[in-house]
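Fold and geometry: a report
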Amino acid sequence: SWFRNATYRESRPVEEVSYSDIRGTTAGTNWPADGNVDTNSFMGRLRMKTGQAFDLPTEAQWEYACRAGTTNALNSGFDLTNDYADVHMDVVGRYYYNGGYLSMTNVNTDLGTAKVGSYPPSPWGLYDMHGNVVEWCMDWYTNAPAGALDPPGPALGLGANRVLRGGGSCYTARGCRSANRNYAPPGVRDLNYGFRVFLPQD
């Protein structure tokens, strides 16, 4: 991880992790053709340990979970009034203008990424959906399909990039809203890139 202060690092979200670290570089690259992962990837080891089909969420699943039944820019029920610093974003998550801008490695959780769960949860009880770290999703990145309901993601993406959602500690308020979409090649690690574990229900 980028933030290495021994007193605080265990309470921060995981970052500096790539899509390939999470799902693998062989079997884990086949989504959406199948849901397989490499056995030595994070998800492969988690599946082996638990016997459960854990994975990343699809982009559609991520946004559905983030919105938690709301239609505003933030799942607190508020819209943004400014693209950069915004009082409504200050309340729901860590971003550039409320402490996230500092990129030194040996800081406490007042700067950089915040302690997980520091901000109020969404109406569905999920923490840190806005800001803190951008979260990998399973899908290849392409233009958003108009009017699609729970789309599974395209078979191939634009420039071989995977989707990232949620905005991170170095993002502006606009970059942390529910609808914001990001992308990166699957092998990239960044101090803003993390993930959320998803378990499909039978």
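So, here's what we can say about the structure. (Residues numbered from 1 in each chain as written. Predicted model: local features only at pLDDT ≥ 70, side-chain atom pairs only at ≥ 80, totals over all residues. Heavy atoms only, no water.)

1. Details of the layout of surface pockets
Here the second largest pocket defines a volume of roughly 200 Å³. Lining the second largest pocket, in full, are Pro13, Val14, Val116, Tyr127, Asp128, Asn132, Val133, Glu135, Phe195 and Arg196. By residue class, the composition of the lining of the second largest pocket is six nonpolar, one polar and three charged. (1 Å grid on protein atoms, 1.4 Å probe; cavity = no way out; pocket = protein on both sides within 12 Å on 5 of 7 lines; lining within 4 Å. Points joined across faces, edges and corners; volume = space filled by probe spheres on them. Nonpolar A, V, L, I, M, F, W, Y, C, P; charged D, E, K, R; others polar.)

2. Points about empty space enclosed by the protein
Under the defined criterion, the tally for this structure stands at one cavity of 30 Å³ or more. The computed volume of the largest cavity comes to approximately 50 Å³. Looking at the lining of the largest cavity residue by residue, the class counts come to six nonpolar, three polar and one charged.

3. Observations concerning a nonpolar patch on the surface
Residues Tyr84, Tyr96, Tyr97 and Tyr101 make up a contiguous nonpolar surface patch of about 460 Å² in total accessible area. Inspection of the secondary structure puts tyrosine 97 in the loop between α4 (87-92) and β1 (134-140). The class for tyrosine 97 is partly exposed, based on a relative accessible area of 42%. (Patch = residues over 30% accessible without salt bridge, like charges linked within 9 Å, V, L, I, M, F, W, Y side chains within 5 Å. Areas by Shrake-Rupley, 256 points an atom, 1.4 Å probe, with all protein chains shown as cover. Salt bridge = Lys/Arg side-chain N within 4 Å of Asp/Glu carboxyl O. Helix = DSSP H or I, 4+ residues; strand = E, 2+ residues; numbered from the N terminus. Buried < 20%, exposed > 50% of the residue type's maximum accessible area, 1.4 Å probe, protein only.)

4. Structural notes on the pairing of strand β3 (residues 181-184)
Covered by surrounding structure in β3 are Asn182 and Ala184 only, the residues Arg181 and Tyr183 on the alternate face being uncovered. Here strand β2 (residues 162-165) pairs with β3 via four bridges, running antiparallel. From the neighbouring strand, leucine 164 faces β3, where its bridge partner is asparagine 182. (Pairing = 2+ DSSP bridges.)

5. Here we look at the nonpolar core
In this structure, Ile22, Met43, Leu56, Met89, Trp136 and Tyr193 are the most contacted members of the largest nonpolar core, which totals 24 residues. Of the residues forming this core, the biggest block, three residues, is contributed by β1. Within the second largest apolar cluster, six residues are counted, among which are Trp62, Cys66, Cys137 and Val163. (Core = buried A, V, L, I, M, F, W, Y, C linked by side-chain atoms within 4.5 Å.)

6. Comments concerning the state of the cysteines
Tallied over the entire structure, the rule returns zero disulfides. Summary of cysteine pairing: cysteine 137 is not part of a disulfide, and the nearest cysteine sulfur, belonging to cysteine 66, is at 10 Å. A disulfide-free cysteine, cysteine 170 has its sulfur positioned 10 Å from the sulfur of cysteine 176, the nearest such atom. For cysteine 170, a relative accessible area of 29% translates into the label partly exposed. (Disulfide = S-S within 2.5 Å.)

7. A short note on helix α2 (residues 42-50)
Within the span of α2, buried status applies to Met43, Gly44 and Leu46. When α2 is viewed along its axis, its buried side chains cluster within an angular range of 165 degrees and face the same direction. In α2, the exposed residues that point more than 90 degrees away from the buried face are Met48 and Lys49. Next to the buried residues of α2 lie α1 (19-23). Two residues or fewer past α2, glycine 51 is found with a positive phi of approximately 75 degrees. (Arc of directions from axis to C-beta. Contact = heavy atoms within 4.5 Å.)

8. Focus: the side chain of asparagine 161
Within the secondary structure, asparagine 161 sits in the loop between β1 and β2. Of the residues examined, asparagine 161 reaches a relative accessible area of 10% and is grouped as buried. Leave out the neighbours within four places in its chain, and asparagine 161 touches Asp139, Trp140, Tyr141, Tyr183, Ala184 and Pro185.

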